[in-house]
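Listed here are the chains, written in short residue letters.
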Amino acid sequence: YEVANGVRIPNRGQKELRAETADGTQKFLTAQVCDVSKALLSAKKVVASGNRVVFEPEQAYIEDMTTGRRIEMQHNGGMYTLKMWVKTDSQGFARHGA
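Conventions and cut-offs
Residues numbered from 1 in each chain as written. Predicted model: local features only at pLDDT ≥ 70, side-chain atom pairs only at ≥ 80, totals over all residues. Heavy atoms only, no water. Pairing = 2+ DSSP bridges. Helix = DSSP H or I, 4+ residues; strand = E, 2+ residues; numbered from the N terminus. Axes fitted to C-alpha atoms, helices over the stretch in contact; angles between N-to-C directions. Salt bridge = Lys/Arg side-chain N within 4 Å of Asp/Glu carboxyl O. Buried < 20%, exposed > 50% of the residue type's maximum accessible area, 1.4 Å probe, protein only.

Novice: Honestly, the sheet that holds strand β3 (residues 51–55) in this entry has me stumped. Any pointers?
Specialist: With antiparallel pairing, 4 strands are arranged side by side in an open sheet as β3-β4-β5-β6. With one partner strand each, in any of the chains shown, β3 and β6 (79–81) form the two edges of the open sheet. The sheet shows a mean angle of 25 degrees between the axes of neighbouring strands, taken without regard to direction. Here strand β4 (residues 60–64) runs beside strand β5 (residues 70–76); their pairing, made up of 4 bridges, is antiparallel. Counterpart to Tyr61 in the pairing with β5 is Glu72.

Okay, structure coming up:
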């Protein structure tokens, strides 16, 4: 991968994860593993998996097209963020922002 400053970092594989959002919604994610400090979600892949992604001045969210359930996102410093915890091998949740 090439990051914003032009540095190239290697892909270290793929991982299947179970994540939980601040409102208790649990989702399964497929993540590419690399040396970064903040994870990113691909809006294209979120939509391809049956969701709607909405970015509006007053609200931002991911909506499950089957259930209608929404996961709210926050606008922080020019980026939309989503707080989530990822299930670790030791059965606990590790905090991550995406």
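Novice: Can you walk me through the pattern of salt bridges in this structure?
Specialist: Two side chains that carry opposite charge are able to pair once their charged atoms sit near each other. A full pass over the atoms with the stated rule returns 5 salt bridges. A salt bridge links Glu2 to Arg8; the shortest N-O distance between them is 3.7 Å. Across the pair Arg52 and Glu63 runs a salt bridge, and its minimum N-O distance is 2.9 Å. Of the two residues, Arg52 sits in strand β3 while Glu63 sits in strand β4, which places them 11 residues apart along the sequence. Overall, Arg52 belongs to the partly exposed group, its relative accessible area being 37%.

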